[in-house]
Amino acid sequence: MATALTFLELCRDCGKSQVYVRNLLTNLGLPAPARDSRYSSAYARFIRIIIALRTFSVPQGEISDLFTKEQIVLRLLKVDAFCASSTWYLDQCGNNGHKERRLMLTGYDVGFTIDGKVIQPNLDFGDRNQELFSGKEMGEDVRRALDSYLQLLAKIMARVDQERQVLDRAIQWAKETLG
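Residue numbers restart at each chain and count upward from 1, following the sequence in its written direction. Selection of residues for local features in this predicted model requires a pLDDT of at least 70, selection of side-chain atom pairs for listing and counting requires 80 or more, and totals for whole chains, interfaces and linings are taken over all residues. Side-chain metrics rest on all non-hydrogen atoms present in the structure, leaving aside hydrogens and water.

**Structural notes on the overall build of the protein chain**
In step 1: Looking only at helices and strands, the protein chain has 6 helices and 2 strands in total.
In step 2: Runs of H or I in DSSP of at least four residues are treated as helices and runs of E of at least two as strands, each being numbered from the N terminus. Each helix and strand of the protein chain, placed in order from N terminus to C terminus, yields the pattern β-α-α-β-α-α-α-α.
In step 3: Counting all 179 residues of the protein chain, 38% fall into the buried class.
In step 4: Only heavy atoms enter the contact rule, under which two residues are in contact if any of them lie within 4.5 Å. Within the protein chain, counting contacts between residues at least 6 apart in sequence, those at least 24 apart form 66% of the total.
In step 5: For every accessible area listed, the method is Shrake-Rupley and the probe measures 1.4 Å; residues are considered covered only by the protein chains on display. Roughly 10800 Å² of accessible area belongs to the protein chain as shown, and the carbon and sulfur atoms make up 51% of that amount. Classification of residues uses two cut-offs on accessible area relative to the type maximum, computed with a 1.4 Å probe and protein chains only: under 20% is buried, over 50% is exposed, and between them is partly exposed.

In C-alpha cells form, the structure reads like this:
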C-alpha cells in the first residue's frame, strides 16, 4: 500500500464509500478531509480497525470512548509532545512492537505491557502552559487511565468474539448462496 493516500484512495483501500468514511471521521472528531489531504498508512490502518469493529457490531459510542481513552493515555505519557500535527495520536503509531504493549486503535507501542504494573512515562520535550497544580495533584494517573481503557477494551473484545461466530455463519451462507 502507498505511504500517502488521497481520501478517495483511502476509501477504496478500506472498501467503503466516501460518505461512510467521512461519517466515521466526523463521529470520531477527526479533522475533515481537505481536497488535497494525504493519509498515512498508519491512518489507513486506524480506519480499517474502526470499520472492522463496526462490522462486529461494536457501537460507535464505545469505539469513540475507547479512542478518547487512548488519547488520554497518550497525553499522560507525553506522546503529544513529539509532534505538532492535528493527528499526533496517529502520526507516531503503527503496527510495530509487541501486541501486549500496543494500544488497539492507534497501535502505539507504549513501551511497557499495558496490563502490567510498571509504567515508563516518556520525557516531555514539548512546550506546555504552566498549570497551577501538577497533573498528579489534579488526579491524572496513567495507571488509572489504562485500567479504564482495559475495562472498555475487554468489553469490546468480548463483543467481537461473540459477533465473530455470527459473521462466520454469514460468510458461510454467502459462499453457499453465491457460489
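**Some thoughts on helix α2 (residues 18-27)**
Given 3.6 residues per helical turn, the α-helix brings residues three or four places apart onto the same face.
In step 1: Here α2 has its buried residues at Val21, Leu24 and Leu25. The arc that holds every buried residue of α2, seen down its axis, measures 95°, which confines them to one face. Exposed and facing more than 90 degrees away from the buried side of α2 are Val19 and Thr26.
In step 2: Contact partners of the buried residues in α2: α1 (7-14), α3 (41-55) and α4 (60-76).
In step 3: Gly29 sits one or two positions beyond α2 and adopts a positive phi of about 75°. This arc is built from the directions going out from the helix axis to the C-beta atoms.

**A word on the nonpolar core**
In step 1: To form a nonpolar core, buried Ala, Val, Leu, Ile, Met, Phe, Trp, Tyr and Cys residues must be joined to one another through side-chain atoms within 4.5 Å. Ranked by internal contacts, the top residues of the largest apolar core, which has 48 residues, are Leu10, Phe46, Leu53 and Leu105.
In step 2: Elements represented by at least two residues in this core include exactly α1, α2, α3, α4, α5 (88-91) and α6 (142-178).
In step 3: Sequence-distant contacts of Leu10, that is, excluding residues within four places in its chain, are made with Leu5, Val21, Tyr39, Tyr43 and Ala44.

**Side note on the packing of α1 against α2**
In step 1: Axis separation between α1 and α2 bottoms out at 9 Å; the angle between their running directions is 100°. Viewed along their axes, α1 and α2 adopt a mutual orientation that is roughly perpendicular. Here α1 contributes Phe7, Leu8, Leu10 and Cys11 to the contact with α2, which in turn contributes Gln18, Val21, Arg22 and Leu25.
In step 2: A class-by-class count of the residues in the contact of α1 with α2 yields 6 nonpolar, 1 polar and 1 charged. Only the stretch in contact is used when fitting a helix axis, every axis being a line fitted to C-alpha atoms; angles between N-to-C directions are given from 0 to 180 degrees. Here roughly perpendicular refers to angles of 65 to 115 degrees, roughly parallel to angles under 35, roughly antiparallel to angles over 145, and oblique to all remaining angles. When residue character is reported, Ala, Val, Leu, Ile, Met, Phe, Trp, Tyr, Cys and Pro are called nonpolar, Asp, Glu, Lys and Arg charged, and the others, Gly included, polar.

**Remarks on the packing of aromatic side chains**
In step 1: For Phe, Tyr and Trp, where Trp contributes only its six-membered ring, two rings pair if their centres lie within 6.5 Å, and the inter-plane angle classes them as stacked under 30 degrees, edge-to-face over 60, or tilted in between. Taken as a whole and assessed by the stated rule, the structure comprises 3 aromatic pairs.
In step 2: Consider the rings of Phe7 and Tyr39, whose centres lie 6.1 Å apart with planes at 55°: the pair is tilted. Of the two residues, Phe7 sits in helix α1 while Tyr39 sits in strand β2 (residues 39-40), which places them 32 residues apart along the sequence. Across the pair, exposure class does not vary: Phe7 and Tyr39 are buried alike.
In step 3: Pairing Tyr39 with Tyr43 gives two aromatic rings, centres 4.8 Å apart and planes at 50°, and the pair type is tilted. Each member of the pair Tyr39 and Tyr43 is classed as buried.

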